[in-house]
Amino acid sequence: MRNIKRKIREIYDRNSSIWAEFNEIDDDLTREIKLYLGKDSFILDVGCGGGRLSVALSRYVGRIVAIDFSNEMISLAKKMYPILNVEYPIMDAEKMKFKAGQFDAVVSNMAINRASCRLDRVLEQSYLVLRSRGYVFLNVLSSKSSQKLGLDLGYNAGEIRRLLEDVDFTPLSIREHANITLGKSLDNLKFIERTEIGAILGERRIVRIYAEAERRKNYDFDETYVSIIAKKGRK
């Protein structure tokens, strides 16, 4: 697992400028966060990538710390979005280096999966750094997303609820969102080489996947995800 994580970090370091262009902001996630938090809130953005979610939220909260384990992604975020109330330290979300109980919320948009950043470990770390009754707002990969590739990277709603309750979070909302990217050619699938999927599969298996997609003339990719809102502690 350690070698896979290193390979994933290298992929994102190597392709940081490309991922910055595709670092989409989830408007629903942003709206949900705004409903729960206020102008003085202190937020931790986990797996911030190019920093776009943090920048979108920076107008509505007091301060944000945006972390990523990719040196190049953090460098790019600093360059593209030098916002006064956003800090960009390089940090692994499974090994956070913050004082306990200082954040009002932990947020993350599609940066959590079994290979690069496991949900159970992120929840454990989040519980420690959150203030009493703090929140997590997470979009995580669904277990449906990578099944066609023979991989188990995501999570289903039942598993997520159990993981939340194991760490003593109260689930407020767990919803699955279908998100299938329709591809017109093989070029639409080739982005997987620049993700954790590419690091896990390796070149030979990716070539076979491309060949099968060409045979079927089906270049769609399932990016179904689960949105999570939970509160630290029990009701």
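Residues numbered from 1 in each chain as written. Predicted model: local features only at pLDDT ≥ 70, side-chain atom pairs only at ≥ 80, totals over all residues. Heavy atoms only, no water.

Enquirer: Is there a simple way to think about helix α6 (residues 119–129) in this case?
Expert: Since there are 3.6 residues in each turn of an α-helix, residues three or four apart along the chain are aligned in direction. Every buried residue belonging to α6 is among Leu 119, Asp 120, Val 122, Leu 123, Gln 125, Ser 126 and Val 129, and all of these are buried. Considering only its buried residues, α6 is in contact with β1 (42–46), β4 (103–109), β5 (130–141), α7 (157–166) and β6 (169–177). (Buried < 20%, exposed > 50% of the residue type's maximum accessible area, 1.4 Å probe, protein only. Helix = DSSP H or I, 4+ residues; strand = E, 2+ residues; numbered from the N terminus. Contact = heavy atoms within 4.5 Å.)

Enquirer: Help me out: how do you make sense of the sheet that holds β6 in this one?
Expert: Strand-to-strand pairing in sheets goes through backbone hydrogen bonds, with the strands running parallel or antiparallel. If you walk across this open sheet you meet the seven strands as β3-β2-β1-β4-β5-β9-β6, and the pairing is mixed. Only two strands of the sheet have a single partner each, and these edge strands are β3 (86–87) and β6. The strands touched by helix α3 (residues 27–36) are β1, β4, β5, β6 and β9 (225–232); relative to β5, the strand with the most contacts, the crossing angle is about 170°. Contacts from α6 reach β1, β4, β5, β6 and β9, with the element oriented near 155° to β5. (Pairing = 2+ DSSP bridges. Axes fitted to C-alpha atoms, helices over the stretch in contact; angles between N-to-C directions.)

Enquirer: How should I be thinking about the nonpolar core in this particular structure?
Expert: Nonpolar side chains in soluble globular proteins tend to be buried together. Ranked by internal contacts, the top residues of the largest apolar core, which has 30 residues, are Leu 44, Leu 119, Val 140, Ile 160 and Leu 164. Elements with a minimum of two residues in this core: β1, β2 (63–67), β4, α6, β5, α7, β6 and β9. When near neighbours in sequence (up to four residues on either side) are disregarded, Ile 160 contacts Leu 119, Val 140, Tyr 155, Ile 174, Val 226 and Ile 228. Ranked by size, the runner-up nonpolar core spans 23 residues in total, among them Phe 69, Met 73, Ile 206 and Phe 221. (Core = buried A, V, L, I, M, F, W, Y, C linked by side-chain atoms within 4.5 Å.)

Enquirer: Would you mind going over the environment of Leu 84 with me for this structure?
Expert: The residue Leu 84 is located in the loop between α5 (71–80) and β3 in this model. Leu 84 gets classed as exposed once you look at its relative accessible area, which sits at 89%. When the C-alpha atoms of Leu 84 and Arg 118 are compared, they prove to be 30 Å apart, with 34 residues separating the residues in sequence.

Enquirer: Looking at this structure, I do not really get the confidence of the model for the chain. What am I missing?
Expert: Detailed reading of the predicted coordinates is not advisable wherever pLDDT falls low. In the predicted model, the chain carries a mean pLDDT of 88, and 94% of its residues have values of at least 70. Confidence scores differ between elements of the chain, with helix α2 (residues 16–22) showing the lowest mean pLDDT of 67 and β1 the highest of 98. (pLDDT = per-residue confidence, 0-100.)

Enquirer: Is there a simple way to explain unusual backbone geometry in this structure?
Expert: Even without glycine at this site, Arg 133 takes up a positive phi of about 65°. Structurally, Arg 133 is set in strand β5. Among the residues examined, Arg 133 registers a relative accessible area of 35% and is labelled partly exposed. Of note in this structure, Lys 217 is not a glycine but carries a positive phi near 60°. The exposure class of Lys 217 is exposed, given its relative accessible area of 60%.

Enquirer: Before we go on, may I ask you to explain the packing of aromatic side chains in this structure?
Expert: Both the distance between ring centres and the angle between the ring planes are used here to describe each pair of aromatic rings. According to the stated counting rule, one finds six aromatic pairs in the structure shown. A ring pair is formed by Tyr 36 and Phe 137, whose centres lie 5.5 Å apart and whose planes are at 65°; its orientation type is edge-to-face. With a gap of 101 residues between them, Tyr 36 in helix α3 and Phe 137 in strand β5 connect regions that are remote in the sequence. The exposure class of Tyr 36 is partly exposed, given its relative accessible area of 34%. (Phe/Tyr/Trp six-rings, centres within 6.5 Å; stacked < 30°, edge-to-face > 60°.)

Enquirer: Would you take a moment to explain the environment of Lys 7 for this structure?
Expert: Here Lys 7 shows up in helix α1 (residues 2–14). Taking the C-alpha atoms as reference, Lys 7 lies 9.7 Å from Thr 195; in sequence the two are 188 residues apart.

Enquirer: What's the story with a nonpolar patch on the surface in this structure? I'm lost.
Expert: A contiguous nonpolar surface patch, about 300 Å² in accessible area, is contributed by Leu 35, Tyr 36 and Leu 172. Examined against the element boundaries, Leu 35 turns out to sit in helix α3. (Patch = residues over 30% accessible without salt bridge, like charges linked within 9 Å, V, L, I, M, F, W, Y side chains within 5 Å. Areas by Shrake-Rupley, 256 points an atom, 1.4 Å probe, with all protein chains shown as cover. Salt bridge = Lys/Arg side-chain N within 4 Å of Asp/Glu carboxyl O.)

Enquirer: Even after reading the chapter, I still don't get the pattern of salt bridges, so can you show me in this structure?
Expert: Think of it this way: side chains of opposite charge can pair up when their charged atoms draw near. Within this structure, the stated rule accounts for 15 salt bridges. Among the salt bridges present, the one from Glu 212 reaches Arg 215, with a minimum N-O distance of 2.7 Å. With Glu 212 and Arg 215 both in helix α8 (residues 196–216), this residue pair falls three residues apart, about one helical turn. According to the relative accessible area criterion, Glu 212 is partly exposed, its value standing at 31%. One salt-bridge network, held together by shared partners, links Lys 5, Asp 92, Glu 94 and Arg 121.

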